[in-house]
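One letter stands for each residue in the lines below.
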Amino acid sequence: MDIRSQVSMVFHLDKCLGCHTCSVACKNIWTDRKGAEYMWWNNVETKPGTGYPTKWEDQGIYKGGWEKVGGAISLKGAGKQKGLLNIFHNPNMPVIDDYYEPYTYQYLDLIESPAGDDQPTARPVSLITGKPIDIKMGPNWDDDLGGSPDFARNDPNLKDLSPAEQEAMFQLERMAFFYLPRICNHCLNPACVASCPSGAIYKRGEDGVVLINQNVCRAWRMCVTACPYKKTFYNWHAGKSEKCILCYPRIESGQAPACMHSCVGRIRYLGVVLYDADRIHETASVAEQDLIDHHMSMLMDPFDPAVIAAAKANGIADSTLHAAQSSPVYKFVKEWGLALPLHAEFRTLPMLFYVPPLLPVMAAVKEVSHREQEGKLSSVAKTWDDSWLYDTSTEELWGAIDQARFPLKYLANMLSAGDEARIKDPLKKLMAIRIYRRWKTVGDISQQKALDALGDAGYTPEMADAIYYLTSLAKFDDRFVIPAAHREHAIEMLEYTGDNRGNAGFGFKAGTMQRGM
Amino acid sequence: MINRNFAILQHLVVVLALSGLMASPAAHAQAPQAAAPPAPAAAPTPAEIKLGQDLFDGRARFANKAASCKACHHVHHDAIVGGGSLSTDVTQSFSRMGKDGLTAILGNAPFPVMQAAYAGKELAPDEIQALVAFLQHADQQSQTSMRQPLDVGLKMFGAGAAGVAGLMGFFTLIGRRRKQQSVNQEIYDRQIKSE
């Protein structure tokens, strides 16, 4: 058992309101620079939709992530041989048009134009060439199902749905969507790290943050294609690749990452998770249907004395262990079984987990007759000429999930590697909490029914209260349990500090010879 | 091309003449008539060659301050780097003109440009002698140690074209599974452009 700690995340999709505040906070801090204008280390996508860059989930196009060949896994589009063959021209590279060409407007023309017969306009100019352009695409042009025929209908997650099911999803009355905020998953088996010919990418030992060393990066851009989530980007101005750094300067000083700190819906949770690094390779190589179970079993119980002993043997600090014990991520993922990794089938073992959205699932759309109602109205009154009813009743406990207007297969393709039973489980649990709270607050459901629902989901009322608290009432310090950075220990992974240990006063990092004395 | 053939012809003639000289005394009288230019004169002294080289190169100044030959002419010689390209390459001028021809030209050039350039700055007889000696030396050296580049005509162009075609085919083959265009190209194609 090789216990390591990882700063891990949970995004509660049911709470995401799609405001893009996280994206803007991230952009303002990190990517408002030349060469980085097109990058969104954090972005929020509408699902169904093709996302950013377009169709990033379709590995037939971008060849990202791992694939299982025989018994072992190998990178789909990179690696030693494929990487060497394609090193000067990576054939699966996303181009700027797959993201979008960033632009601004010549706002000064509005106030500085000389007097004339025409109203001055602010022409759009490319942030890459500086010349006027026709805007072809923006970072979120598929937001809220905009341009559905082009974007939502081409969602790669729809691939296993029958044409009739797909058609039903896009009927106006049945249409539903939810938001998927995405940052770097800081995976346990990161494809970007494995693909880098320069060895510039590394997973930080102390907290598992995946970083690109800007001094070592040689712009091969293998990571750009290898990351199946398309969360490494190439800075065309700096000539280096960049990615989400999980705001490590903030984490090290005890602050939540900017996207999480600014989250309006408070959907984001961050905490330490202990995992067994010995099992990474084995877990990443199992059959597709076992991936999630094996991934979950790698995340170790921070209360288990054996785990604690192994963690201490690995030099994990007591404060980090303490943070792991009160980690909201561990609770959501392991204790309550509510959160799942995004696209586990890419085999990178992502450490960002998503609580699936219940809202589009919860309501069913029923066909009802309005005849009785219309009979009461006068002949000039406006009547509804459709016969659909958006039904959120809880008459049947689990019926709504099966009859949901959102096909489970779609969610399963995203969050459980296509396994519908696996995605149904957290949805059922979320529903049980809702029914339980409805009994408590509204009271139109019997206590027996509420407790039955909890029992079916495998929860006790105490657990339900805890889930309710962490979902709805949680304060800042409940949502973000950030361990002390222990830079003084972490630095020892990179350099030897023994010479200075125990010395009084100011020391030197290098000896006298190295300092030229 | 023509130059080169001419040079080979000259060379052959010189060799023939020399072999004739050595083979029989009878040939001695015939040889000068058989060769168009006169037969090579007596070998110049190293001091003359050195002086001629310096004069050609501009290291030594002409007594009348005339411009050095190198300003306009090039000669293939180990000691001369990058002579001018304004006028002819004089490497083989000794073979063409012979000692008398060169001496006459240098004394009173029949070329308008050279006449103008050397008007009032005539070369002294010993300078002419040194220059002729140097040119003779350079000519001999170029025939013994310098190889003219092989003229391959259209063959080089053909090989280049075939190579390009081959490489293009090879790269097309390698890149056949490449992502050919943006995934959004279909959308972009439909969009209305302002220009």
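Residues numbered from 1 in each chain as written. Chains lettered and ligands numbered in written order. Predicted model: local features only at pLDDT ≥ 70, side-chain atom pairs only at ≥ 80, totals over all residues. Heavy atoms only, no water.

A. Structural view of the overall build of chain B. Along chain B, the regular secondary structure elements total eight helices and zero strands. The secondary structure elements of chain B, listed N-terminal to C-terminal, are α-α-α-α-α-α-α-α. Every one of the 195 residues in chain B was classed for burial, and the buried ones make up 30%. At a minimum sequence separation of 6, the contacts of chain B that also span at least 24 residues come to 59%. Working note: accessible area of chain B is about 13,000 Å², and carbon and sulfur atoms make up 64% of it. (Helix = DSSP H or I, 4+ residues; strand = E, 2+ residues; numbered from the N terminus. Buried < 20%, exposed > 50% of the residue type's maximum accessible area, 1.4 Å probe, protein only. Contact = heavy atoms within 4.5 Å. Areas by Shrake-Rupley, 256 points an atom, 1.4 Å probe, with all protein chains shown as cover.)

B. Looking closely at the confidence of the model for chain A. With 90% of its residues at a pLDDT of 70 or more, chain A shows a mean pLDDT of 89. Per-element averaging of pLDDT across chain A places strand β17 (residues 388-391) of chain A at the bottom with 60 and strand β15 (residues 352-355) of chain A at the top with 97. (pLDDT = per-residue confidence, 0-100.)

C. Representation of unusual backbone geometry. A cis geometry characterises the amide bond from Lys47 of chain A onward to Pro48 of chain A, with omega recorded as 0°. Position of Pro48 of chain A relative to the elements: it lies in the loop between β2 (43-47) and α2 (59-62).

D. Focus on the interface of chain B and chain A. Contacts between the two partners involve 12 residues from chain B and, on the opposite side, 20 residues from chain A. When chain B packs against chain A, close to 1,300 Å² is buried across both sides, 49% of that on carbon and sulfur atoms. There are two salt bridges connecting chain B and chain A. Salt-bridge contacts for Asp98 of chain A lead to Lys179 of chain B; the nearest nitrogen and oxygen are separated by 2.4 Å. Where chain B touches chain A, the interface holds 11 residue pairs in polar contact (both at pLDDT 80 or more). Residues of the side of chain B that touches chain A, tallied by class, amount to three nonpolar, four polar and five charged. (Buried area = accessible area lost by both parts, 1.4 Å probe. Salt bridge = Lys/Arg side-chain N within 4 Å of Asp/Glu carboxyl O. Polar contact = N/O pair within 3.5 Å; in protein donor to acceptor, adjacent residues only side chain to side chain. Nonpolar A, V, L, I, M, F, W, Y, C, P; charged D, E, K, R; others polar.)

E. Layout of the sheet that holds strand β14 (residues 340-341) of chain A. Residues and elements named next belong to chain A. Pairing is mixed across the open sheet formed by five strands, whose spatial order is β13-β12-β1-β15-β14. Two strands in the sheet have a free side with no partner beyond their single neighbour: β13 (299-300) and β14. As defined by bridge partners, β14 adjoins β15 across two bridges and the pair is classed as antiparallel. When the bridges of β15 are listed, Leu340 appears paired with Tyr354. Sheet contacts for helix α14 (residues 318-325): β1 (3-12) and β12 (268-276); angle to β12, the most-contacted strand, approximately 115°. (Pairing = 2+ DSSP bridges. Axes fitted to C-alpha atoms, helices over the stretch in contact; angles between N-to-C directions.)

F. Looking closely at the pairing of strand β11 (residues 240-243) of chain A. All names here are of chain A. Side-chain alternation along β11 places Lys240 and Glu242 on one buried face and Ser241 and Lys243 on a second face that is also buried. Bridging between strand β10 (residues 232-235) and β11 involves four bridges; their strand directions are antiparallel. Bridge assignment links Thr232 to a residue of β11, and that residue is Lys243. If you look at the hairpin formed by β10 and β11, you'll find four residues sitting between the two strands, and Gly239 has a positive phi there, around 70°.

G. Quick peek at the packing of aromatic side chains. Residue and element names in this part refer to chain A. Applying the stated criterion across every chain yields a total of 20 aromatic pairs over all chains. With centroids separated by 6.0 Å and ring planes inclined at 40°, the aromatic side chains of Trp56 and Tyr229 adopt a geometry described as tilted. You can see Trp56 sitting in the loop between β2 and α2 and its partner Tyr229 sitting in the loop between α8 (222-226) and β10, a full 173 residues away along the chain. For Tyr229, a relative accessible area of 2% translates into the label buried. Taking the centre distance of 5.9 Å and the plane angle of 80° together, the rings of Tyr103 and Tyr105 count as edge-to-face. Residue classification places Tyr103 among the partly exposed positions, given a relative accessible area of 23%. An aromatic cluster of at least three residues, connected via ring pairs, comprises Tyr38, Tyr52, Tyr99, Tyr100 and Phe233. Positioned above the aromatic ring of Trp40 is the side chain of Lys27, whose terminal nitrogen or guanidinium carbon lies 4.8 Å from the ring centre. The aromatic ring of Trp56 is capped on one face by Arg182, whose charged end is 3.6 Å from the ring centroid. (Phe/Tyr/Trp six-rings, centres within 6.5 Å; stacked < 30°, edge-to-face > 60°. Lys NZ or Arg CZ within 6 Å of the ring centre and 35° of its normal.)

H. A look at the nonpolar core. Within the largest apolar cluster, 124 residues are counted, with the highest numbers of intra-cluster contacts made by Val10, Ile183, Met260 and Phe353 of chain A. The dominant element in this core, judged by the number of residues it contributes, is helix α20 (residues 420-441) of chain A, at eight residues. Structurally, this core is a two-domain feature, drawing no fewer than three residues from each of domain 1 (3-92 + 141-346) and domain 3 (356-479) of chain A. For Met260 of chain A, the contacting residues outside a window of four places in its chain are Met9, Phe11, Ile183, Leu246, Arg268, Tyr269, Leu270 and Phe480 of chain A. Ranked by size, the runner-up nonpolar core spans 24 residues in total, among them Leu106, Ala109, Tyr118 and Ile128 of chain B. (Core = buried A, V, L, I, M, F, W, Y, C linked by side-chain atoms within 4.5 Å. Domains from an automatic or database assignment.)

I. Inspection of helix α1 (residues 21-31) of chain A at higher detail. Buried within α1 of chain A are the following residues: Cys22, Ser23, Ala25, Cys26, Lys27 and Thr31 of chain A. Elements in contact with the buried residues of α1 of chain A: β2, α10 (258-261) and β12 of chain A.

J. Quick peek at a nonpolar patch on the surface. Residue and element names in this part refer to chain A. Side chains of Tyr105, Tyr107, Leu108, Leu110 and Ile111 sit close together on the surface and give an oily, nonpolar patch of about 540 Å² of accessible area. Looking at the nonpolar patch element by element, the count peaks at three residues for helix α5 (residues 108-112). Positionally, Tyr105 belongs in strand β5 (residues 103-105). Classification of Tyr105 as partly exposed rests on a relative accessible area of 30%. (Patch = residues over 30% accessible without salt bridge, like charges linked within 9 Å, V, L, I, M, F, W, Y side chains within 5 Å.)

K. Spatial organisation of the pattern of salt bridges. All names here are of chain A. Going through the model one piece at a time under the given rule, you end up with 26 salt bridges over all chains. The salt bridge partner of Arg204 is Asp207, with a shortest N-O separation of 2.7 Å. The exposure class of Arg204 is buried, given its relative accessible area of 9%. By relative accessible area, which is 8% here, Asp207 ends up buried. Lys440 is paired through a salt bridge with Asp465; the nearest N and O atoms lie 3.7 Å apart.

L. Expanded view of the state of the cysteines. Residue and element names in this part refer to chain A. Tallied over the full model, the rule gives zero disulfides over all chains. Cys22 carries a free sulfur, and the closest cysteine sulfur to it, the one in Cys19, is 6.2 Å from it. Overall, the relative accessible area of 8% leaves Cys22 in the buried class. The closest cysteine sulfur to the non-disulfide-bonded Cys184 is located on Cys244, 5.2 Å from its own sulfur. Residue Cys184 is classed as buried on the basis of its relative accessible area of 7%. (Disulfide = S-S within 2.5 Å.)

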